[in-house]
Amino acid sequence: MTSLPSGVSRREFNGQQRLATRGDPIGDEPTTNGWRAWDSATSKVAAMLDRDMAIGLAPGQRVLYLGAAAGTTVSHLADIVDVVYAVEFAPRPVRDLLAVADSRAGVIPLVKDARQPDSYAHVVESGLDLLFQDVATREQTSVAIANRRFLAADGRLVCALKARSIDVTREPEAVFETARAELGEAYEILAAERLDPLHRDHLAVVARPRPNDEHEG
Amino acid sequence: MDADGDGAWFDGLDLTNEEVAARSIARGEAASPRDWPALAVETGVVTDEATYYRRLQAIAIAAAREAVSRYEGADDRQVVHAVNTMDDLDRTANELAERVAEWAGSLGHDDIAGPGDVARLADREPAGMLAERLHDVAQTVVRMREDRNTLASTIERTVPEFAPNLSEMAGPILSARLIALAGDLERLAKLPSGTVQVLGAEDALFAHLEGHAPSPKHGVIFTHEYVRGTPPAHRGSAARALAGKLSIAARIDHYSGDYRPEIHAALDERIARIQERDA
Ligand SMILES: C[S@@+](CC[C@H](N)C(=O)[O-])C[C@H]1O[C@@H](n2cnc3c(N)ncnc32)[C@H](O)[C@@H]1O
């Protein structure tokens with residue numbers, strides 16, 4: 001319980017210690033003294049922080065989030081960092097994502113396909129501090145690799161690989177092994193932890209881009 | 001400014017014209033990102049980065065709103081065709097590939113031993129008239145496999161739009177198969193979970209009803225890790241638990257359409273308990 005990034009804190013909600021960030025609440029989520037509870041059961045980033053994984057998150061950063069969905073995790077990140085580029089391709093959740101962007105400075109919503117970074121490289125800047133990858137589809141590793149171009153040399157990839165989305169028919173361990181090998185070609189993996197039982201069959205990965213340019217997709 | 005479309009979204013634009021700028025965000029592209037905020041300040045598009053982000057946000061929101069308003073809703077019936085076609089492509093490509101491999105062997109391609117080797121043959125320069133024909137068919141196989149994969153990606157993209165809970169639970173492809181077996185999402189939502197459990201095992205079910213086979217414990221949901229990954233002795237319970245939650249997921253997707261994390265957590269727990277039992 002030591003190394004939470006500044007901007008994230010453990011607060012008590014209904015007698016329970018939970019992660020929280022400071023910002024305008026969304027919907028009817030629990031708050032206390034201006035802190036909004038950040039649910040580690042639904043947000044994989046919160047789950048990673050909850051287990052003290054060092055993901056390199058800090059105030060002032062500019063980050064790219066792939067698979068923003070309704071923007072719940074994005075909203076908490078926006079409470080901490082300066083700029084969040086939020087990519088989501090499904091129109092339905094984008095409605096909620098827009099509400100998040102309306103209420104928070106620095107959230108840039110982009111209705112784009114994360115498998116096609118060319119389609120947003122004219123908007124998303126280079127040299128970003130963090131790349132969050134939460135698309136939860138079969139192509140999770142190739143999406144992480146294709147989007148490496150947005151990261152600064154000392155930036156970090158933060159992702160939770162979901163075994164069931166990559167291949168619902170194979171054992172999670174086997175799926176993760178393949179995924180790590182694929183990621184390993186473009187990134188140096190700094191930490192990898194299973195998020196079970198909170199997020200079953202998810203492998204959280206923090207990685208740093210390898211210096212060569214071979215894998216710029 | 002790049003003429004080849006490799007520039008910033010704000011290149012050559014008057015940022016006060018939101019509509020035009022939004023279109024540039026929606027349609028533009030670039031091969032590699034650059035430090036756009038710094039560039040915008042340098043070229044005098046904005047006075048400082050804070051202003052840049054404010055403008056960008058407003059215009060990106062307008063572009064996203066426009067993209068969403070064009071959305072008409074994905075059609076579950078289209079997905080039924082798509083997944084059936086995908087399976088047909090799979091089956092046909094495999095059958096053809098086996099034939100090609102057999103033929104290739106007789107032409108002396110000793111390394112083309114099975115359907116998996118056909119792509120290699122398609123890359124090879126054919127020598128002779130018959131070899132050319134074989135080569136054509138090998139390329140057809142490769143193209144069919146490509147079509148199959150793009151179809152799979154499209155399904156993965158559309159199913160979560162109208163069935164977010166089902167596709168979270170079973171993955172988009174298996175979800176599409178279940179919807180196809182039921183007919184459409186509404187029919188899947190109305191099926192008893194016992195039927196969902198054996199969807200795709202109709203032959204075995206009829207054999208059972210006619211009295212000459214045990215009742216099937218699972219249909220297509222057998223491919224799900226929660227069933228396959230459970231020791232055989234408890235697979236029936238796992239399949240029942242999974243089918244029960246899939247039914248709930250289908251109902252939520254059909255009747256309300258919002259994503260409910262708690263049903264997924266409940267299934268995870270249930271399966272964990274089943275898998276803990278002694279075999
Ligand atoms: C697991 S959800 C993300 C949950 C969300 N990040 C949160 O914590 O609140 C995955 C999201 O990725 C989106 N997605 C999947 N493939 C994508 C792609 N290729 N491009 C953009 N978004 C994608 C899905 O539509 C879905 O909303």
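Residues numbered from 1 in each chain as written. Chains lettered and ligands numbered in written order. Predicted model: local features only at pLDDT ≥ 70, side-chain atom pairs only at ≥ 80, totals over all residues. Heavy atoms only, no water.

S.K.: Can you lay out the overall build of chain A for me, pointing to particular residues and giving the numbers?
M.R.: Looking only at helices and strands, chain A has six helices and eleven strands in total. A buried classification covers 56% of the 217 residues belonging to chain A. Sequence separation of at least 24 residues holds for 55% of the intrachain contacts in chain A that already meet a minimum separation of 6. Accessible area of chain A: about 8,300 Å², with a carbon and sulfur share of 45%. (Helix = DSSP H or I, 4+ residues; strand = E, 2+ residues; numbered from the N terminus. Buried < 20%, exposed > 50% of the residue type's maximum accessible area, 1.4 Å probe, protein only. Contact = heavy atoms within 4.5 Å. Areas by Shrake-Rupley, 256 points an atom, 1.4 Å probe, with all protein chains shown as cover.)

S.K.: Tell me about the environment of Ala41(A), and name the residues and values.
M.R.: Residues and elements named next belong to chain A. By the element assignment, Ala41 lies in the loop between strand S4 (35–37) and helix H1 (44–50). Between the C-alpha atoms of Ala41 and Leu195, which are 154 residues apart in sequence, the distance is 10.0 Å. When near neighbours in sequence (up to four residues on either side) are disregarded, Ala41 contacts Leu198 and His199.

S.K.: Let's hear about the nonpolar core: which residues, and what values?
M.R.: In terms of nonpolar packing, the biggest core is built from 52 residues, with Tyr85(A), Tyr187(A) and Trp9(B) touching the most fellow members. Of the residues forming this core, the biggest block, six residues, is contributed by helix H3 (residues 49–69) of chain B. Leave out the neighbours within four places in its chain, and Tyr187(A) touches Leu131(A), Ala144(A), Ile145(A), Asn147(A), Arg148(A), Leu151(A), Leu157(A), Ala207(A), Arg208(A), Pro209(A) and Arg210(A). Counting 42 residues, the second-largest nonpolar core is a separate cluster that includes Val83(B), Leu166(B), Val196(B) and Ala238(B). (Core = buried A, V, L, I, M, F, W, Y, C linked by side-chain atoms within 4.5 Å.)

S.K.: Break down the side chain of Asp268(B) for me, with residues and values.
M.R.: Locating Asp268(B) in the fold gives a position in helix H13 (residues 261–276). Ignoring sequence-local partners within four residues, the contact set of Asp268(B) consists of Arg164(A), Arg200(A) and Tyr226(B).

S.K.: How would you sum up the interface of chain B and chain A? Please name residues and give values.
M.R.: Of the residues lining the interface, 52 residues belong to chain B; the matching set on chain A comes to 45 residues. Carbon and sulfur atoms make up 53% of the area that chain B and chain A hide from each other, which totals about 3,900 Å². Counting across the interface, chain B meets chain A through six salt bridges. Its salt-bridge partner being Asp113(A), residue Arg157(B) comes within 3.2 Å of it at the nearest N-O pair. Inspection of the region where chain B meets chain A yields 28 residue pairs in polar contact (both at pLDDT 80 or more). For the side of chain B that touches chain A, the secondary-structure elements that each account for two or more residues are helix H1 (18–27), helix H2 (36–42), H3, helix H6 (129–162), helix H7 (164–182), helix H11 (225–228) and H13 of chain B. If you tally residues by element for the side of chain B that touches chain A, the top one is H3(B), at eleven residues. Tallied by class, the residues present in the side of chain B that touches chain A amount to 27 nonpolar, eleven polar and 14 charged. (Buried area = accessible area lost by both parts, 1.4 Å probe. Salt bridge = Lys/Arg side-chain N within 4 Å of Asp/Glu carboxyl O. Polar contact = N/O pair within 3.5 Å; in protein donor to acceptor, adjacent residues only side chain to side chain. Nonpolar A, V, L, I, M, F, W, Y, C, P; charged D, E, K, R; others polar.)

S.K.: Let's hear about the site of the ligand: which residues, and what values?
M.R.: Residues and elements named next belong to chain A. Taken together, 18 residues form the shell around the ligand, and within it Tyr65, Thr73, Glu88, Asp113 and Ala114 come nearest. Val135 places a main-chain nitrogen or oxygen 3.4 Å from an oxygen atom of the ligand. Of the residues that constitute the shell around the ligand, the class distribution is eight nonpolar, four polar and six charged. (Near = heavy atom within 4 Å.)

S.K.: Describe the confidence of the model for chain B, naming the residues involved and giving the relevant values.
M.R.: All names here are of chain B. In the predicted model, chain B carries a mean pLDDT of 90, and 96% of its residues have values of at least 70. Averaged over each element, pLDDT in chain B is lowest for helix H10 (residues 202–209) (75) and highest for H2 (96). For this predicted complex, the interface confidence comes out at an ipTM of 0.94, alongside a pTM of 0.70. (pLDDT = per-residue confidence, 0-100.)

S.K.: So what's going on with the packing of aromatic side chains? Which residues, and what values?
M.R.: What the rule picks out here adds up to six aromatic pairs over all chains. On the basis of an interplanar angle of 50° and a centroid distance of 6.1 Å, the ring pair of Trp9(B) and Tyr52(B) is categorised as tilted. Placement of the pair is Trp9(B) in the segment before H1 and Tyr52(B) in helix H3, with a sequence separation of 43 residues. Centre to centre, the rings of Tyr52(B) and Tyr53(B) are 5.4 Å apart; their planes meet at 75°, and the pair counts as edge-to-face. Aromatic rings pair up to connect Trp9(B), Phe10(B), Tyr52(B) and Tyr53(B) into one cluster. Its guanidinium or amino end placed over the ring of Phe13(A), Arg18(A) lies 5.9 Å from that ring's centre, counting from NZ or CZ. (Phe/Tyr/Trp six-rings, centres within 6.5 Å; stacked < 30°, edge-to-face > 60°. Lys NZ or Arg CZ within 6 Å of the ring centre and 35° of its normal.)

S.K.: Describe the side chain of Asp134(A), and please don't skip the residues or the numbers.
M.R.: All names here are of chain A. Mapped onto the elements, Asp134 comes out in the loop between strand S8 (128–133) and helix H4 (140–146). The exposure class assigned to Asp134 is buried, which follows from its relative accessible area of 18%. Contact partners of Asp134, with chain neighbours within four places excluded, come to Lys44, Tyr65, Leu66 and Gly67.

S.K.: Lay out the environment of Arg277(B) in plain terms, naming residues and giving numbers.
M.R.: All names here are of chain B. Checked against the element boundaries, Arg277 lands in the segment after H13. With relative accessibility at 35%, the residue Arg277 sits in the partly exposed group. Along the primary structure Arg277 and Pro231 are separated by 46 residues, whereas in three dimensions their C-alpha atoms are 9.3 Å apart. Excluding residues within four positions of it along the chain, Arg277 makes contact with His234, Ser237 and Arg270. Among the polar contacts made by the side chain of Arg277, one reaches the side chain of Ser237 at a distance of 3.3 Å.

S.K.: An account of the sheet that holds strand S7 (residues 107–110) of chain A is requested, with residue identities and associated values reported.
M.R.: A sheet is described by the order of its strands in space; here seven strands give the open sequence S7-S6-S5-S8-S9-S11-S10 (chain A), paired in mixed fashion. The sheet is open, and its two edges are formed by S7 and strand S10 (187–194) of chain A, each paired on a single side. Going across the sheet, the axis of each strand differs from the next one's by a mean of 15°, ignoring polarity. Taken strand by strand, helix H2 (residues 72–80) of chain A contacts strand S5 (62–66), strand S6 (83–87), S7 and S8 of chain A, and its axis lies near 165° from that of S6(A). Running at roughly 35° to S7(A), H3(B) makes contact with S5, S6 and S7 of chain A of the sheet. (Pairing = 2+ DSSP bridges. Axes fitted to C-alpha atoms, helices over the stretch in contact; angles between N-to-C directions.)

S.K.: A description of unusual backbone geometry should follow, citing residues and the corresponding values.
M.R.: Residue and element names in this part refer to chain A. For the bond running from Asp196 to Pro197, omega is 0°, close enough to zero to count as cis. Mapped onto the elements, Pro197 comes out in the loop between S10 and strand S11 (202–209). The phi dihedral of Asn14 falls on the positive side, at around 50°, and the residue is not glycine.

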